[in-house]
Each structure stands twice: as C-alpha cells, then as structure tokens.
Amino acid sequence: LDATRIKHPLVIRGPREADRFHPFGMKGTKLLSDFYTELKLSRFEKNQQWLLCQNNEIVWAIGLRSSESYRVSHGVKELLIITHVK
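Described in the following lines is the structure provided in the data block. Each chain has its residues counted from 1, following the order in which its sequence is written. Residue-level local features of this predicted model are given only where pLDDT is at least 70; pairs of side-chain atoms are given and counted only at 80 or more, and the full residue set underlies all totals for whole chains, interfaces and linings. Side-chain metrics in this entry use all non-hydrogen atoms of the structure; hydrogen atoms and water are not considered.

1. A look at the nonpolar core
Consideration 1: By size, the foremost hydrophobic cluster in this structure holds nine residues: Phe21, Leu32, Phe35, Tyr36, Leu41, Leu51, Cys53, Ile58 and Ala61.
Consideration 2: Helix numbers and strand numbers start at the N terminus; a helix is a DSSP run of H or I with at least 4 residues, a strand a run of E with at least 2. Elements that contribute at least two residues to this core include exactly helix 1 (32-38), strand 4 (51-54) and strand 5 (57-61).
Consideration 3: Considering every element that reaches this core, the biggest residue donor is helix 1, with three residues.
Consideration 4: Among the nonpolar cores identified, the runner-up in size contains seven residues, and Leu1, Ile6, Trp60 and Tyr70 belong to it. By nonpolar core is meant a set of buried Ala, Val, Leu, Ile, Met, Phe, Trp, Tyr and Cys residues that side-chain atoms within 4.5 Å join together. Note on classification: 1.4 Å probe, protein chains only; a residue is buried when its accessible area is under 20% of the maximum for its type, exposed when over 50%, partly exposed between these limits.

Below, the structure written as structure tokens:
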C-alpha cells in the first residue's frame, strides 16, 4: 500500500451493511456485497471476511483485494506492507 496515503489508526472489522469499496483494478466503487457475490463467496465466507479500514473507508478486503485508492504507483517512496497469515 502507498504509506503516504495511510492515516493511523487502521482498524480491522467485519463487513457492515451498505459498505462500499473501490477494488484494485476496477473503475469506481461498488457495494462490498456485490464484490463478494462476483467472487462467488458463500454467505458463510462473506460473514467471516475481515476488512482493514481507515476511518470508515475500506483499505483492504483482507486476503482478497486492496483498494484502488491506496495502490502503489510510479514514484511512491514509502510502502506499507501488510501480511495476512491464516
């Protein structure tokens, strides 16, 4: 992630109704529930999914996809590397 865009604290939480997300590589935002459906996650998997958030903005759907808003682009000098271990 682009560390210059991260403002602490970061919070890990579960999904909430009407969460929106800007998935890496996609144009615009989409409902998190629609994103999960496109990935063909079961209801159980959706409820078990954790999110890394800054304020109320989703930075990373942990283990699935990060947000386009925090992508590393040319010229970025600081990275934040986060690892998910199962």
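Now, onward.
2. Structural notes on the sheet that holds strand 1 (residues 10-13)
Consideration 1: Two strands form a pair only when DSSP identifies at least two bridges running between them. Strand order in the open sheet formed by four strands is 1-4-5-6, with antiparallel pairing between adjacent strands. Across the chains shown, the open sheet's two edge strands, defined by having one partner strand only, are strand 1 and strand 6 (65-66).

3. Some remarks on the packing of aromatic side chains
Consideration 1: In summary, the pairing rule links any two rings of Phe, Tyr or Trp, Trp by its six-membered ring, whose centres are within 6.5 Å, and it sorts them by plane angle into stacked for under 30 degrees, edge-to-face for over 60 and tilted for everything else. Summed over all chains, the structure comprises two aromatic pairs.
Consideration 2: Aromatic pair Phe21 and Phe35: ring centres 5.2 Å apart, planes at 70°, arrangement edge-to-face. Separated by 14 residues along the polypeptide, Phe21 in strand 2 (residues 20-21) and Phe35 in helix 1 bring together distant segments of the chain. Here Phe21 and Phe35 have matching classes, each one buried.

4. Some points on the environment of Val59
Consideration 1: Following the sequence through the fold, Val59 ends up in strand 5.
Consideration 2: A relative accessible area of 0% means that Val59 is categorised as buried.
Consideration 3: Those residues in contact with Val59, other than ones at most four positions away along the chain, are Leu1, Ile6, Leu10, Leu52, Cys53, Gln54, Ser66, Ser67 and Tyr70. Should any heavy atoms of two residues lie within 4.5 Å, those residues are considered in contact.

5. As for the side chain of Arg13
Consideration 1: Within the element layout of this structure, Arg13 appears in strand 1.
Consideration 2: Contacts described as polar in this section are N or O atom pairs within 3.5 Å, which, within protein, must combine one atom able to donate a hydrogen with one able to accept it, while residues neighboring in sequence count only if both atoms come from side chains. A distance of 3.0 Å separates the side chain of Arg13 from the side chain of Asp19, its partner in a polar contact.
Consideration 3: Apart from residues no more than four positions distant in its own chain, Arg13 is found in contact with Asp19, Gln49, Trp50, Leu51, Cys53, Asn56 and Ile58.

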